[in-house]
Amino acid sequence: MSADERRESVIRAAITEFARGGYSATSTEVIARRVGVSQPYLFRLFPNKQAMFLAASERCLTDTRRVLAEAAEGLEGEEAQGAMAAAYERLIVDDPDRLLMQMQMYAAVAAAEAAGDHEFGESVRAGWLQMFDDLTLALGGDTEEATEFLAHGMLMNTLTSLGFPMGHRIWSKFC
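If you're wondering where the values come from, they're calculated on a predicted model, not measured in any experiment.

**Regarding the packing of helix 5 (residues 77-94) against helix 8 (residues 143-161)**
For step 1, the next point in the chain: Axis separation between helix 5 and helix 8 bottoms out at 11 Å; the angle between their running directions is 25 degrees. If you check the angle between helix 5 and helix 8, you find them roughly parallel. For the pair helix 5 and helix 8, the sense of crossing is right-handed. On helix 8, the residues that touch Gln81, Met84, Ala85, Tyr88, Glu89 and Ile92 of helix 5 are Glu145, Phe149, Gly153, Met156, Asn157 and Thr160.
For step 2, the next point in the chain: Its residues assigned to classes, the contact of helix 5 with helix 8 shows six nonpolar, four polar and two charged.

**Considering the side chain of Ser57**
For step 1, the next point in the chain: Along the chain, the position of Ser57 falls in helix 4 (residues 49-72).
For step 2, the next point in the chain: Exposure remark for Ser57: the relative accessible area of 1% places this residue in the buried category.
For step 3, the next point in the chain: When residues no more than four places from it in sequence are discounted, the contact partners of Ser57 are Met101, Met105 and Val124.

**Examining the packing of helix 1 (residues 3-25) against helix 4**
For step 1, the next point in the chain: One way to put it is that helix 1 packs onto helix 4 with a least axis distance of 8 Å and a crossing angle of 100 degrees. By the angle between their axes, helix 1 is roughly perpendicular relative to helix 4. On the side of helix 1, the interface is formed by Glu8, Val10, Ile11, Ala14, Ile15, Phe18, Tyr23 and Ser24, while helix 4 contributes Lys49, Gln50, Met52, Phe53, Ala55, Ala56, Arg59 and Cys60.
For step 2, the next point in the chain: Residues that form the contact of helix 1 with helix 4 fall into these classes: 11 nonpolar, two polar and three charged.

**Considering empty space enclosed by the protein**
For step 1, the next point in the chain: Under the defined criterion, the tally for this structure stands at one cavity of 30 Å³ or more.
For step 2, the next point in the chain: By volume, the largest cavity amounts to about 120 Å³.
For step 3, the next point in the chain: Lining the largest cavity, in full, are Thr64, Leu68, Tyr88, Gln102, Tyr106, Trp128, Met131, Phe149, Leu150, Gly153, Met154 and Asn157.
For step 4, the next point in the chain: Mapped by element, the contributors of at least two residues to the lining of the largest cavity are helix 4, helix 6 (96-114), helix 7 (122-138) and helix 8.
For step 5, the next point in the chain: Take the lining of the largest cavity: its biggest share by element is five residues, from helix 8.
For step 6, the next point in the chain: Of the residues that constitute the lining of the largest cavity, the class distribution is eight nonpolar, four polar and no charged.

**Regarding a nonpolar patch on the surface**
For step 1, the next point in the chain: There is a patch of nonpolar side chains on the surface, built from Leu162, Phe164 and Ile170 and spanning about 270 Å² of accessible area.
For step 2, the next point in the chain: Here Leu162 lies in the segment after helix 8.

**Examining the environment of Thr62**
For step 1, the next point in the chain: Following the sequence through the fold, Thr62 ends up in helix 4.
For step 2, the next point in the chain: On a C-alpha basis, the gap between Thr62 and Gly127 in space is 7.4 Å, while along the polypeptide they are 65 residues apart.

**Structural notes on the nonpolar core**
For step 1, the next point in the chain: Val10, Phe18, Ile31, Phe53, Met84, Met101 and Leu135 are the most contacted members of the largest nonpolar core, which has 50 residues in total.
For step 2, the next point in the chain: Contributing elements (two or more residues each) for this core: helix 1, helix 2 (28-35), helix 3 (39-45), helix 4, helix 5, helix 6, helix 7 and helix 8.
For step 3, the next point in the chain: It is helix 4 that contributes the most residues to this core, 11 residues altogether.
For step 4, the next point in the chain: When residues no more than four places from it in sequence are discounted, the contact partners of Met101 are Ile15, Phe18, Ala19, Phe53, Ala56, Ser57 and Cys60.

Calculation rules
- Residues numbered from 1 in each chain as written.
- Predicted model: local features only at pLDDT ≥ 70, side-chain atom pairs only at ≥ 80, totals over all residues.
- Heavy atoms only, no water.
- Axes fitted to C-alpha atoms, helices over the stretch in contact; angles between N-to-C directions.
- Helix = DSSP H or I, 4+ residues; strand = E, 2+ residues; numbered from the N terminus.
- Parallel < 35°, antiparallel > 145°, perpendicular 65-115°, else oblique.
- Left-handed = near helix turned anticlockwise from the far one by under 90°.
- Contact = heavy atoms within 4.5 Å.
- Nonpolar A, V, L, I, M, F, W, Y, C, P; charged D, E, K, R; others polar.
- Buried < 20%, exposed > 50% of the residue type's maximum accessible area, 1.4 Å probe, protein only.
- 1 Å grid on protein atoms, 1.4 Å probe; cavity = no way out; pocket = protein on both sides within 12 Å on 5 of 7 lines; lining within 4 Å.
- Points joined across faces, edges and corners; volume = space filled by probe spheres on them.
- Patch = residues over 30% accessible without salt bridge, like charges linked within 9 Å, V, L, I, M, F, W, Y side chains within 5 Å.
- Areas by Shrake-Rupley, 256 points an atom, 1.4 Å probe, with all protein chains shown as cover.
- Salt bridge = Lys/Arg side-chain N within 4 Å of Asp/Glu carboxyl O.
- Core = buried A, V, L, I, M, F, W, Y, C linked by side-chain atoms within 4.5 Å.

If you want it as structure tokens, here you go:
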């Protein structure tokens, strides 16, 4: 494998491991093991654990933006919103690590902020802001619609992470 292919493998493994263990509890050793490389090799690809976490976070946000954009392509208004909601639902149900990684991003950035590290979350905030801007454009420039869409998305995240099955009455607003 080339270094770029290994780097890609590390990002995929980091998403899985950080999603399941969180930033603090996930060791670089477990990521290296998942990829099948040594820790020293891992650190040739990424300077430190934080860089791996931030690359995994960026990928998670980029993939989510891509899924939403593809779903909305050629659509407008409610059709675009419905297609993006369905695509997002499939994303978090079909790949639970994506949802868990999102939650770990929020927790890790909040913990860093509480500890006075305001730089840690800069790239995550930038990626999230880009997602908001992309959604706003997809929804005709309406920031209220984008805000409402994201609010429903966060509710979907909560219901999914708490294990409410799709048929449960709490989902009735979405179904």
